[in-house]
Amino acid sequence: WSASGFEQRMLCPGSYVLQAGKPDSTSKYAAEGTAAHQVLTWALQGDRAASDFVGTPIEADGFTFEVDEDMARHVQVTLDYVADLKGADGIVFADIRVNYSTYLDTPEAEAWGTADVIIARGSEVIVIDFKYGMGVEVSAEKNPQMSLYGLGALQAYHGLVADFETVRMAISQPRIRTAPSEYDTTVAELETWGRSTARSAVMTCVNADRTKLEEDDQRWLEIFVRPGEKQCKFCRAKATCPSLRN
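Below is a short write-up of the structure.

Cut-offs applied
Residues numbered from 1 in each chain as written. Predicted model: local features only at pLDDT ≥ 70, side-chain atom pairs only at ≥ 80, totals over all residues. Heavy atoms only, no water. Helix = DSSP H or I, 4+ residues; strand = E, 2+ residues; numbered from the N terminus. Buried < 20%, exposed > 50% of the residue type's maximum accessible area, 1.4 Å probe, protein only. Contact = heavy atoms within 4.5 Å. Lys, Arg positive; Asp, Glu negative; His and termini not counted. Charge placed at Lys NZ, Arg CZ, Asp CG, Glu CD. Patch = residues over 30% accessible without salt bridge, like charges linked within 9 Å, V, L, I, M, F, W, Y side chains within 5 Å. Areas by Shrake-Rupley, 256 points an atom, 1.4 Å probe, with all protein chains shown as cover. Salt bridge = Lys/Arg side-chain N within 4 Å of Asp/Glu carboxyl O. Phe/Tyr/Trp six-rings, centres within 6.5 Å; stacked < 30°, edge-to-face > 60°. Lys NZ or Arg CZ within 6 Å of the ring centre and 35° of its normal. Pairing = 2+ DSSP bridges. Axes fitted to C-alpha atoms, helices over the stretch in contact; angles between N-to-C directions. Parallel < 35°, antiparallel > 145°, perpendicular 65-115°, else oblique. Left-handed = near helix turned anticlockwise from the far one by under 90°. Nonpolar A, V, L, I, M, F, W, Y, C, P; charged D, E, K, R; others polar. Expected span 1.5 Å × (residues − 1). Polar contact = N/O pair within 3.5 Å; in protein donor to acceptor, adjacent residues only side chain to side chain. Right-handed = clockwise from strand over helix to strand, strands pointing away.

Let us now look at the overall build of the protein chain. A tally of regular secondary structure across the protein chain gives 10 helices and 7 strands. The buried share among the 246 residues of the protein chain stands at 45%. Within the protein chain, residue pairs in contact and separated by at least 24 positions form 67% of the contacts whose partners lie at least 6 positions apart. Across the protein chain, 24 positive and 36 negative side-chain charges occur, with their mean positions spaced 6 Å apart.

Taken together, the side chains of I91, L160 and V161 make up a nonpolar region of the molecular surface, amounting to roughly 270 Å² of accessible area. Of note, L160 is situated in the loop between α6 (144-157) and β6 (166-172). Overall, the relative accessible area of 68% leaves L160 in the exposed class.

Counted under the stated rule, the structure contains 7 aromatic pairs. With a centroid separation of 6.5 Å and 70 degrees between ring planes, the pair formed by W1 and F6 is classed as edge-to-face. Considered together, W1 and F6 belong to a single accessibility category, that of buried residues. Every member of this aromatic cluster is reached through a ring pair, and the members are W1, F6 and Y16. The cationic tip of R175 hangs over the ring face of Y132; the distance from NZ or CZ to the ring centre is 4.3 Å.

A few words now on the environment of K131. Relative to the helices and strands, K131 resides in the loop between β5 (124-130) and α6. Expressed as a C-alpha distance, the spacing of K131 and T185, which sit 54 residues apart in the sequence, is 22 Å. When near neighbours in sequence (up to four residues on either side) are disregarded, K131 contacts V138, Q145, I171, S172, Q173 and P174.

Another point: the sheet that holds strand β7 (residues 181-186). The 5 strands are arranged β3-β4-β5-β6-β7 in an open sheet whose pairing can be described as mixed. Across the chains shown, the open sheet's two edge strands, defined by having one partner strand only, are β3 (91-99) and β7. Taking the axes of each pair of neighbouring strands and ignoring which way they run, one obtains an average angle of 25 degrees across the sheet. Two elements, β6 and β7, share 6 bridges in a ladder whose sense is antiparallel. Looking at β7, one finds that R168 is bridged to D184. The sheet strands contacting α6 are β3, β4 (112-121), β5 and β6, and the helix crosses β5 at an angle near 135 degrees. Contacts from helix α7 (residues 187-211) reach β6 and β7 within the one sheet, and its direction differs from that of β7 by about 90 degrees.

Next up on the list: the packing of helix α3 (residues 28-46) against helix α4 (residues 69-86). Interhelical geometry of α3 versus α4 gives an angle of 45 degrees and a closest axis separation of 10 Å. One way to sum up the angle between α3 and α4 is to call them oblique. In this structure, α3 crosses over α4, and the sense of that crossing is right-handed. Where α3 approaches α4, its residues E32, A35, A36, V39, L40, A43 and L44 are matched on the opposing element by M71, V75, T78, L79 and V82. Grouping the constituent residues of the contact of α3 with α4 by class yields 10 nonpolar, 1 polar and 1 charged.

To continue, consider α4. Since the α-helix advances by 3.6 residues per turn, residues separated by three or four positions end up pointing in the same direction. Between its terminal C-alpha atoms α4 stretches 25 Å, which fits the 26 Å expected from 18 residues at 1.5 Å a residue. For α4, the N-terminal cap is D68; the gap from its side-chain oxygen to the backbone nitrogen of D70 is 3.3 Å. One or two positions beyond α4, positive phi appears at G87, with a value near 60 degrees.

Burial runs high along β5: 7 of the 7 residues are buried. Covered by surrounding structure in β5 are E124, I126, I128 and F130 together with V125, V127 and D129, the residues of both alternating faces. Sheet topology places β5 next to β6; 7 bridges connect them, and they run parallel. Residue pairing across strands places F130 opposite S172, the latter belonging to β6. For the segment spanning β5, α6 and β6, crossover handedness is right-handed.

Read these as layout, nothing more, since geometry by itself doesn't imply function.
Below you can see the structure in the form of structure tokens.
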């Protein structure tokens with residue numbers, strides 16, 4: 001139940017079944033994003049500027065990139081944003097794995113995601129996702145991926161680092177626009193979403209998997225496969241999905 005693919009499964013439970021066993025392809029553009037994320041992580045962990053890494057080679061997903069001034073400039077936008085939110089008293093966690101299995105009611109091993117940045121500051125926990133692509137602008141408002149990262153931050157740090165009252169979720173896409181997309185919610189509201197909406201989505205996907213061999217194929221497709229722009233865009237089953245074809 002990766003955070004990055006969760007919205008797709010919420011929108012089309014059948015994709016959970018139809019994609020099983022199909023290869024996950026990558027591209028040079030996706031690999032470049034991975035390289036930019038590496039620069040962000042290095043800079044945050046070493047308290048350095050992105051420009052310090054110009055000229056550094058990075059291997060990502062079978063491709064090799066050299067950090068140039070353009071990449072460093074865009075990464076620095078997110079670094080400056082993190083510094084502003086951190087203030088003088090915030091604690092920053094970079095490239096941190098979080099687990100949200102408690103909310104989804106799944107085995108711990110099945111509910112991991114990697115948050116680019118988490119900031120604990122006073123009664124607020126802030127989760128930031130860095131997107132390097134130039135394709136589609138993504139909103140942080142009620143975003144399932146960001147919500148799972150937020151729940152993961154709560155599962156890891158709530159009551160341990162601080163007693164959080166609010167959660168801020170932000171998506172930084174500096175190659176599309178300088179200002180990040182932000183969405184604020186309360187801990188109670190986010191936890192309610194996790195234990196109700198998100199948990200229900202998991203149960204529906206599991207039911208789709210369980211009934212695939214029991215239901216008539218056409219009936220199963222009608223119940224569980226729900227084509228649409230968001231869920232089909234990166235689906236590994238789109239080439240063979242009969243519902244999308246129809």
